[in-house]
Amino acid sequence: MNRNALRAFMVKEFHHILRDRQTLTILLMMPLVQVILFGYALRSDVRDIRMAVVDPTPDHATLELQSRFISTNRFRIVTTSQTPNVIEPLFRRGKADIALVFDPDFASHLRGSEPARVLIAVDASDPNSGTTYLNYTRAVISSYQAELSTQNRHVQIVTETRMRFNPTLESVNLFVPGLIALVLVLVSALMTAISLSREKERGTMEVLLVSPLRPQQIIVGKVLPYLALAFANVLTALLAAWAVFHVPFRGGVFLLLAESILYTLVSLALGVLIAARTSSQRAAMLAAMLGTMLPSTLLSGMIFPIASMPSWLRPVTYIVPARWFIVIARGIMLKGVGLTILWRETLVLSLMALLLLAAAMRSFKPRME
Amino acid sequence: MTYWAPGLAGAAGESGATGAANGFAIDAQNLTRRFGSFVAVDHITFDLRAGEVFGFLGANGAGKTTAIKMLVGLLAPSEGTAHVAGFDIRTQREQIRRNIGYMSQRFSLYADLTVRENIRLYGGIYGLTPRQITERTTTMLDTLGLSSSADYLVGMLPLGWKQKLAFSVALLHEPKIVFLDEPTGGVDPITRRQFWELIYAAAARGTTVFVTTHYMDEAEYCDRISIMVDGRIAALGTPTELKEKFGAESVDDVFVRLARGATKGEAA
Amino acid sequence: MQSLRYLLRKEFLQIFRDRFMVAQLMLMPIIQLLLLGNAATFEVKTARMYVVDRDHSEMSRGLVDRLQASRRFVVVGSSPSTDVGNQWILERQTDMIVSIPADFERDIVRTRTAKVQLILNAEDGAAAGVTQSYARQIIGAYANELGSELPFMVSTASRASGAAAVSSVSAQPIEVRTRGWYNPDLNYRDYMVPGILVQLVTVVGTLMTAMNIVREKELGTLDQLSVTPLSQSAFMAAKLIPFWIIALIELTLGLLVARFVFHIPMLGSIPLVFAAAAIYLFAALGIGLLISTLVETQQQAMFVTFFIIMIYLLMSGLFTPIRSMPTWAQWMAQLNPVKHFIEIMRAVLLKGATARDVAQPIGILALFGTLVLTLAVRQYGRRVG
């Protein structure tokens, strides 16, 4: 009898989800849109550097150097001025990225024996871009300089770099595993938390708790449809990544899918726990948001490397399930490794799943007062 | 499902209390509402005298709630006209809202506010002064015997008390007409009796009461009743008149006889 | 106006009655900022390095020493062949292999040019990129050091270009000085914290607003309110203002954390930041309000909002520069209030931009806010049958 009850209950949950076309559409589209955004829009390569030139005494040497910049196609000179006053307002308004300030005696010194001076001022408020601009600028100047110079004491050590598993550092390749982690948290933790607290808010949870269904079955019934939905999401995200962006897929698909289910279970359990501890949908949403979404984005290594975090913060990332899943997903997709290497992460996730599921089951015991 | 938004009433002037001249609290002419091809309310015509307790009966799905929603301005009619407290339901919604109270079958006070806070909120919305609010709160809580629970969250009160409180809050601004949409659903018989005492007290003060119910014993308490079947008014009169007309023992009998012929009825 | 006061009181009572939620609203953003402010950096403090030295010369050891002396790299293993190293990379035991070929020293002495191979685990691309650039810098510096130690030598290139010019040009003709304005230490955190603050305030504010009206719909109290003489604008205002105020309070707390914990420079005018925030929040929360009028359940509200916020955040320049995006994406970004506000925050706080400098984005935000709020009110009005 109980099995039939459970089935009926699950059918109800599926109906809830399927009937709500709006949410369903969004849920299914979200991974697609994200993959496309990550693939097309989110890149950090620098193409168009806007340069302000301060040249108090224009001369063929300074003009020559400027034309070098233009001919790289990477630089665009937005203004040329004789005083450095122009720089500050341009930087403040974000209209220039870098300023090249020639010494008044630049050209004469260049022909003489004193060093000719040039100052590169860069808007370093974004240090990453700033450093990149600076490096490009330096490169142009030193190649100019190298041509002028005929003596050489220079030793060159050519560094040849091989970026293994992602030779071009293509950002889609890096983000897709993280994206899957994010979408799974969203669908499982957030959805479950909201849907359960909705039943609580409306009083239907009490009806369910007095029904012949055991609390565990209620949770299973609540959770399984979202598991299915989450699975569909993983598949769409992977397909999009593979078909549109040719993200490599070196390892076992089944292993990845199995690991995804494991990770989804962890997230679902978290969602149930959140719902058990909150009294309204909006409180549940906030808790799920702050407790699962943000850590999964920012403390998981998805965007910012864990190695970059201060040493006190790194242990905190250990309790973020996404951190482990991302290692697994990247390992399988980019490196093509299997369980022999990923067993530790898998073990951590399994333990988390067991612990959290047990806690979730307990949290929904009908209260006897 | 259409939802209203507060204050949708246009800028119709305060002048138009034309219908009030005929002395009716409500008069409806051929009021109709369609949802697509489904006719929920089908050309109903009736009127209510001021101070009357009017029972609006019908099976689930007969169109009662739709009719009420049109009268209180939650739904626009597809056809027909009606005046409530002398104001046109199409053009003078704002004035209507100032003059009516409404209590729906869905519990409508805020569960996460205390009794006192709920009263203050609705008092404030209806433009009562802080002094009026304080005075009426005290009177109301005394009458209901809720004084000691004034600072309890409404969500913690038993259902019967909640309903009595909701009714009293609907009367807080002393409306001309109060609409009660199945106010006693799920309430025990003793509380129901107390509830009806509150209704009579309000009517005695001159408030017109428009109440829907499917407890037929309650229908007997009304001055007049109408019975809706399939969106039409199948019978209208005092309980005694209707019993005579249909040769029935009770309003219940009348109702069952009429409702048996229904085609939509419980299906909805 | 009177009813607005009562409604606002009600909204605040409801919000503050849920202590758990208030705690989350106030405390969590601070905690999040503390954590995320520290997490949001690409700097790699120490990378693990595996050494494959086939040369075993003084120079090859010097290279490894320099890498280690920088404290950016720790040697975790070494062997004469890359096989073990490769396996270690696969197992995430090391981040980089530096492979020095045999004849490294001989090549430098004879030809002044030698090769070194770096193999990085690019599984984490951001970290790999950064690690690589550190290594290159250190190796480059080492090359210069070797250059000044080795006896003078005329390179083949200069011989070809003719010896006549040799004496007429100075050895270092151009002296390049550099200055990183606004952030001379290149502290990435200074750049990220204002942006993360915007993210937190936006996410919390917009979601809460979006769920607020639907919540009354679900609870059934909206019907009750709708038969009262309450005006539509008062109702909308009462739904918007509480979270507007809460978001501003959150922003204040966040700025305090930014100032006193992260020591983020605040060069510009703080009142300007708040003026911009006040306008921005009308736009951001207005989106929430608009969504709230379009959906039927809180769950829907949450997902629609989340979907939109996610696109907004990814396209806001928070994580990757807008100017690196393709043109169509840059155009889309113009319609993104989050982008404009992050820009304003960064410009005012880090660069000391004045009201005139940020007048354009503030104007866009004001326009956007007006548009969204008008739409929300109109959409709401259309709901009556």
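What you are looking at is a predicted structure, and each value in this text was computed from that prediction instead of being measured.

**Quick notes on the overall build of chain C**
Logical step 1: Across its full length, chain C holds 15 helices and five strands.
Logical step 2: By its C-alpha atoms, chain C is 95 × 50 × 40 Å across when sized along the principal axes.
Logical step 3: Burial analysis of chain C (385 residues in total) assigns 50% to the buried set.
Logical step 4: Sequence separation of 24 or more characterises 79% of the internal contacts of chain C that already satisfy a separation of 6 or more.

**Some points on the interface of chain B and chain C**
Logical step 1: Each partner contributes residues to the interface: chain B has 31 residues there, and chain C has 28 residues.
Logical step 2: Elements with a contribution of two residues or more to the side of chain B that touches chain C: α2 (93-99), β6 (100-103) and α3 (115-125) of chain B.
Logical step 3: Here the side of chain B that touches chain C gets five residues from one element, more than from any other, and that element is α3(B).

**Description of the environment of C:Val372**
All names here are of chain C.
Logical step 1: Mapped onto the fold, Val-372 is located in helix α15 (residues 359-381).
Logical step 2: Through-space distance from the C-alpha of Val-372 to that of Lys-10 is 25 Å; in sequence the pair is 362 residues apart.
Logical step 3: Excluding residues within four positions of it along the chain, Val-372 makes contact with Ala-283, Gly-286, Ile-287 and Leu-290.

**Thoughts on the sheet that holds β6(B)**
Residue and element names in this part refer to chain B.
Logical step 1: In spatial order, the strands read β6-β7-β8-β3-β9-β10; together these six strands make up an open sheet with mixed pairing. The two strands at the open ends of the sheet, each matched to only one other strand, are β6 and β10 (232-237). On average, each strand axis in the sheet is inclined to that of its neighbour by 15 degrees, with strand direction left out of account.
Logical step 2: Inspection of the sheet shows strand β3 (residues 53-58) paired to strand β8 (residues 208-213) by five bridges, in the parallel sense. Counted as the bridge partner of Leu-57 is Thr-213 from β8.
Logical step 3: Packing of helix α9 (residues 251-260) onto the sheet brings it into contact with β3, β9 (224-229) and β10, and relative to β9 it is tilted by some 25 degrees.

**A short note on the interface of chain C and chain A**
Logical step 1: At the interface, 109 residues of chain C touch 98 residues of chain A.
Logical step 2: Of the residues belonging to the side of chain C that touches chain A, the class tally is 64 nonpolar, 27 polar and 18 charged.

**Let's talk about the environment of C:Glu250**
All names here are of chain C.
Logical step 1: In this structure, Glu-250 sits in helix α10 (residues 232-260).
Logical step 2: The class for Glu-250 is buried, based on 22 C-beta atoms found within 10 Å.
Logical step 3: Setting aside residues no more than four positions away along its own chain, Glu-250 makes contact with Pro-29, Val-201 and Val-204.

**Structural notes on the arrangement of the chains**
Logical step 1: Counting contacts across all two pairs of chains that touch, the top-ranked interface belongs to chains A and C.
Logical step 2: You won't find any contact between chain A and chain B; their C-alpha atoms come no closer than 10 Å.

**Section: the sheet that holds strand β4 (residues 79-84) of chain B**
The strands making up a sheet are joined through hydrogen bonds of the backbone, oriented either antiparallel or parallel.
All names here are of chain B.
Logical step 1: The sheet built from four strands is open, its strands ordered β2-β1-β4-β5 with antiparallel pairing. This sheet does not close on itself; its edge strands, each paired only once, are β2 (38-49) and β5 (87-88).
Logical step 2: Bridge count for strand β1 (residues 24-35) against β4 is five bridges, and the pairing is antiparallel. Residue pairing in the sheet places Ile-26 in a bridge with Val-84 of β4.

**Things to note about the pairing of strand β2 (residues 75-81) of chain A**
Residue and element names in this part refer to chain A.
Logical step 1: Relative to β2, strand β1 (residues 49-54) is paired through six bridges, and the arrangement is parallel. From the neighbouring strand, Met-51 faces β2, where its bridge partner is Ile-77.
Logical step 2: Note that the unit made of β1, helix α3 (residues 60-71) and β2 has a crossover that is right-handed.

**As for helix α6 (residues 125-149) of chain C**
Given 3.6 residues to a turn, an α-helix orients residues that are three or four positions apart in the same direction.
Logical step 1: The first and last C-alpha atoms of α6(C) sit 36 Å apart over 25 residues, in line with the 36 Å expected at 1.5 Å per residue.
Logical step 2: Within the span of α6(C), buried status applies to C:Gly125, C:Ala126, C:Ala127, C:Ala128, C:Val130, C:Thr131, C:Gln132, C:Ala135, C:Ala143 and C:Leu146.

**What about the pairing of strand β1 (residues 47-53) of chain C?**
All names here are of chain C.
Logical step 1: Most of β1 is tucked away: five of the seven residues are buried.
Logical step 2: The parallel pair β1 and strand β2 (residues 73-78), bridged by helix α3 (residues 58-69), forms a crossover whose chirality is right-handed.
Logical step 3: Bridge count between β1 and strand β3 (residues 96-100): five bridges; the pairing is parallel. Following the sheet pairing, Tyr-50 is matched in β3 by Ile-97.

**Comments concerning the confidence of the model for chain C**
Residues and elements named next belong to chain C.
Logical step 1: Per-residue confidence for chain C gives a mean pLDDT of 83; residues scoring 70 or more make up 92%.
Logical step 2: Confidence, read as mean pLDDT per element, is least for helix α7 (residues 156-161) in chain C (42) and greatest for helix α11 (residues 270-294) (93).
Logical step 3: This stretch, residues 153-172, has a pLDDT under 50; its non-local contacts, to residues over four places away or in other chains, come to 21 contacts.
Logical step 4: Scored as a complex, the prediction yields pTM 0.78 and ipTM 0.75.

**Examining the packing of α3(B) against helix α4 (residues 130-144) of chain B**
Residue and element names in this part refer to chain B.
Logical step 1: Contact pair α3 / α4: the axes reach a minimum separation of 10 Å and the direction vectors enclose 135 degrees. Classified by the angle between their axes, α3 and α4 sit oblique to one another. Once α3 is placed against α4, the crossing between them reads as right-handed. Judged by residue contacts, Arg-116, Ile-119, Arg-120, Gly-123 and Gly-124 of α3 engage Gln-132, Ile-133, Arg-136, Thr-137 and Met-140 from α4.
Logical step 2: Broken down by class, the residue content of the contact of α3 with α4 amounts to three nonpolar, four polar and three charged.

**Considering unusual backbone geometry**
Residue and element names in this part refer to chain B.
Logical step 1: Even without being a glycine, His-43 presents a positive backbone phi close to 45 degrees.
Logical step 2: Structurally, His-43 can be placed in strand β2.
Logical step 3: Backbone geometry at Glu-174 places phi at a positive 50 degrees, although glycine is not the residue there.
Logical step 4: One can find Glu-174 in the loop between α5 (159-170) and β7 (177-181).

Calculation notes
Residues numbered from 1 in each chain as written. Chains lettered and ligands numbered in written order. Predicted model: local features only at pLDDT ≥ 70, side-chain atom pairs only at ≥ 80, totals over all residues. Helix = DSSP H or I, 4+ residues; strand = E, 2+ residues; numbered from the N terminus. Buried ≥ 20, exposed ≤ 12 C-beta atoms within 10 Å, placed from the backbone. Contact = placed C-beta atoms within 7 Å. Pairing = 2+ DSSP bridges. Axes fitted to C-alpha atoms, helices over the stretch in contact; angles between N-to-C directions. Nonpolar A, V, L, I, M, F, W, Y, C, P; charged D, E, K, R; others polar. Right-handed = clockwise from strand over helix to strand, strands pointing away. Expected span 1.5 Å × (residues − 1). pLDDT = per-residue confidence, 0-100. Parallel < 35°, antiparallel > 145°, perpendicular 65-115°, else oblique. Left-handed = near helix turned anticlockwise from the far one by under 90°.

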